[in-house]
Amino acid sequence: MSTEFIIAAIVTIVGLTTPILLAALGELVVEKAGVLNLGVEGMMLMGAICGFGATVSTFNPWLGILGAAAGGALSSMLFAVLVLELNSNQVATGLALTIFGTGLSSLMGLSYTGFIVPVFGSIFPASLASDPYLKVIFGYSPIVYFAIAMVPVVAWFLKSTRAGMILRAVGENDLSAHSIGYSVKGVRYAAIAFGGAMAGIGGAYFSMVITPMWAEKMTAGRGWIALALVVFAGWRAGRLLVGAYFFGILMALELYAKAAGFSFLPSQFWAAMPYLMTIIALSVISMRDRSGGNAPACLGKPFLPST
Amino acid sequence: MRIKLEKRPEPSTLMAFATPIASVLLTMAIGVIVFDALGIKGEKAVIDIFLTPLLSSYKWQDVAVKAAPLIIIALGLSIGNRAQVWNIGAEGQYIIGALAAAGVGIAAGGAGGGIIITLMILAGILGGTFWAVFPAFLKTRLNVNEILTSLMLTYVALQVLGYLVGGPWKDPNGRNFPATAPLHADQTLPILFPSTTVHLGVAIAIVLPFVFWLIMSRSVFGFQIRVVGSAPDAARHGGFDAKQTIWLSLLIGGGMAGLAGALEFAGSLKAINLGFPSGYGFTAIIVSFLGRLNPIGCLIAGIVLAVTYVGGQVAQTTVHIPNSTAGIFQAMMLFFILASDILIRYRVRFIGSPKVSALPAAGE
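Residues numbered from 1 in each chain as written. Chains lettered and ligands numbered in written order. Predicted model: local features only at pLDDT ≥ 70, side-chain atom pairs only at ≥ 80, totals over all residues.

What follows deals with the environment of Gly-195 of chain A. Residues and elements named next belong to chain A. Note that Gly-195 resides in helix α10 (residues 184-210). According to the C-beta neighbour criterion, Gly-195 is buried, with 30 such atoms within 10 Å. With 126 residues separating them along the chain, Gly-195 and Ala-69 place their C-alpha atoms 9.4 Å apart. Aside from chain neighbours lying at most four places away, what touches Gly-195 is Gly-26, Glu-27, Val-29, Val-30, Asn-37 and Ser-76. (Helix = DSSP H or I, 4+ residues; strand = E, 2+ residues; numbered from the N terminus. Buried ≥ 20, exposed ≤ 12 C-beta atoms within 10 Å, placed from the backbone. Contact = placed C-beta atoms within 7 Å.)

What follows is the structure in structure tokens.
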């Protein structure tokens, strides 16, 4: 294997990892607040189309990313109102959000078929970003650096800030948090909106960086991988980064299996690999920690204060 | 004025019936508004999607054929949903069921007739059940989240399908197109009414809800499922085995999805290509909730959802809206039905309004 091949492979892996890392970081915060939002896939698609649409209208990918975050966050509010105000079932409501986002993004995307958007310029000087070797560090879209930077930010927020402490308290014991006087609903609204915004940016990575074009259902189930990733990481931001890159490598296998001499197995085997490995990884994690691990105690349960 | 929710002593039966109907009507009303806002003739679009399929006897066939798999899958999923066991991988179980039926058809060679068709249907049920064994095993043994495993297996099923129809099962006379050879005429399901597309699967979809209703309302098993879902602690004290419930929920869900796949293959499509997965497994989740997890409810809700599919195609040609629009309507119905769940268990009271002075406000 030549150096060029390795560099190309790393660039591919980073590209495949970034959207699931973003979406999973958002969902981590949501779940830490005690809410299970299965609508990640739908929010990613809403982010993908809103980011794309905003870029087409403004010719500015930075505003596009804002649009993606807004699209994801707005669609997450549908879910938030239902589960927080009406105590609807979180699993079913999240599924509804995914179905809704898939349909609505297709409808919104009709008028954007065939468009190509301006892509991000590099934030590093061209001598670094375009260097055949150094591009492995400097040659990515700003979203990639944002995603990686958000890992320590989220970890620090959850662990060391007062707001993060309140958020974790709401997720671990909503009734106690409520009786101390914290706004359980307020915290959960904020967490769900953050999760939506992050999923939206993750989705926009598909339509604004990878292709950069809009296509129906272009996130291809990555939202579900992101959900699995949160469990896999044991609800810890640091492990999320490791897990995301592990899955990124698995997804790259499909693309590189032939080149690496694995063509004795059908391509479908490699395409199924990330999903099979997700199941295996979740099983291994559960085997190690039978009690359900670090899952927030109130995860997925409705908040029913007596007053 | 303040809105207060008051817990009902008993869940409201009236609300359980009224809210699904209200959800469909609200979805239609919002549809008109949204389409008008998008510059599409809203009234026409909504009428085409929800009513036109019901007014034409020709479209009725389409509705019946599309409703059949939705109803059958939803019946199985309702059991799991009731017990709070979440199988969202019905789509994968549906695919594997159809592939198993196709495998029997291919293995039979030129043979056909009632026995082969019966074997194909049984293979479909077994195939779907087999695909649900993994989430059930992992959930009961290792406490792995069944939502994620059942869904991941749907993506695996898609690859199995791609491999089989593009490789070993590819039609040699198919111009290199990835699809199985079409079934022989005597391997397909009988047609119920001459010169229509209404096949045996439709009859099965009409009979099964009543069978399920009998089982759920009259048997210990039905009681167990209902108790486990609504009062898990009571179920534990009552000696109902939670693991057994998980197994049964997932296996029945898988078996029904597999049955639906086999019937759709042997009754409607007669060959499997990459376009075979149509999302019925996901839409059936909506059917299950819109039918209030009740077998007869699933029958009605399955027809409603099938109407939106057929109507979506009508609207595609008449008002030029994309096929995906039907999906938005289906999701809206699910949102409304979930939002209105609260009305079954709670009563809405308006407090403090001068018009409702019969209720003294607290603290006065």
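Moving on from the model shown.
Residue and element names in this part refer to chain B. Their axes nearest at 7 Å, the elements helix α4 (residues 57-82) and helix α11 (residues 242-269) cross at an angle of 170°. On the basis of their axis angle, the class for α4 and α11 is roughly antiparallel. Contacts between α4 and α11 involve Val-65, Ala-68, Pro-69, Ile-72, Ile-73, Leu-75, Gly-76, Leu-77, Ile-79 and Gly-80 from the former and Ser-249, Leu-250, Ile-252, Gly-253, Gly-255, Met-256, Ala-257, Leu-259, Ala-260, Leu-263, Glu-264 and Ser-268 from the latter. Partitioned by chemical class, the residues of the contact of α4 with α11 number 15 nonpolar, six polar and one charged. (Axes fitted to C-alpha atoms, helices over the stretch in contact; angles between N-to-C directions. Parallel < 35°, antiparallel > 145°, perpendicular 65-115°, else oblique. Nonpolar A, V, L, I, M, F, W, Y, C, P; charged D, E, K, R; others polar.)

So, about the interface of chain B and chain A. Listed per partner, the contact involves 34 residues of chain B and 40 residues of chain A. For the side of chain B that touches chain A, the elements supplying multiple residues, two or more each, are α6 (114-142), α7 (146-166), α12 (280-290) and α14 (325-345) of chain B. Take the side of chain B that touches chain A: its biggest share by element is 11 residues, from α14 of chain B. Broken down by class, the residue content of the side of chain B that touches chain A amounts to 23 nonpolar, 10 polar and one charged.

On to the nonpolar core, then. In terms of nonpolar packing, the biggest core is built from 215 residues, with Ala-24 and Leu-229 of chain A together with Ile-71, Ile-73, Ala-101, Leu-334 and Phe-335 of chain B touching the most fellow members. The contact partners of Leu-334 of chain B, leaving out residues within four places of it in the chain, are Ala-96 and Ile-99 of chain A together with Ile-286, Phe-289 and Leu-290 of chain B. (Core = buried A, V, L, I, M, F, W, Y, C linked by C-beta atoms within 7 Å.)

On to the environment of Gly-128 of chain B. Residues and elements named next belong to chain B. Position of Gly-128 among the secondary structure elements: in helix α6. For Gly-128, a count of 35 C-beta atoms within 10 Å translates into the label buried. In the structure, Gly-128 is positioned 67 residues away from Gln-61 in sequence and 26 Å away in space, judged by C-alpha atoms. The contact partners of Gly-128, leaving out residues within four places of it in the chain, are Gln-93, Tyr-94, Ile-96, Gly-97, Gly-254, Gly-255, Ala-257, Gly-258, Leu-259 and Gly-261.

Let us now look at the confidence of the model for chain B. All names here are of chain B. Looking at chain B, the pLDDT average stands at 89 and 96% of residues meet or exceed 70. Mean pLDDT across the elements of chain B bottoms out in helix α10 (residues 232-237) (74) and peaks in helix α5 (residues 90-107) (97). Note on residues 356-364: pLDDT under 50 across the span, and four contacts to partners over four residues away in sequence or across chains. Scored as a whole, the predicted complex attains pTM 0.91, and scored at its interfaces, ipTM 0.89. (pLDDT = per-residue confidence, 0-100.)

Residues and elements named next belong to chain B. You will see that Asn-143, though not glycine, has its phi angle at about 60°, which is positive. Inspection of the secondary structure puts Asn-143 in the loop between α6 and α7. Look at His-320: it is not a glycine, yet its phi comes out positive at around 55°. Mapped onto the fold, His-320 is located in the loop between α13 (295-318) and α14. Among the residues examined, His-320 registers 10 C-beta atoms within 10 Å and is labelled exposed.

Most of helix α11 (residues 222-232) of chain A is tucked away: 11 of the 11 residues are buried. Turning to α11 of chain A, its buried residues number three or more, namely Arg-222, Gly-223, Trp-224, Ile-225, Ala-226, Leu-227, Ala-228, Leu-229, Val-230, Val-231 and Phe-232 of chain A. Of the surrounding secondary structure, the elements contacted by the buried residues of α11 of chain A are α1 (3-32), α2 (40-58), α10, α12 (237-256) and α13 (267-288) of chain A together with α7 of chain B. Phi for Gly-234 of chain A, located one or two positions after α11 of chain A, is positive at around 60°.

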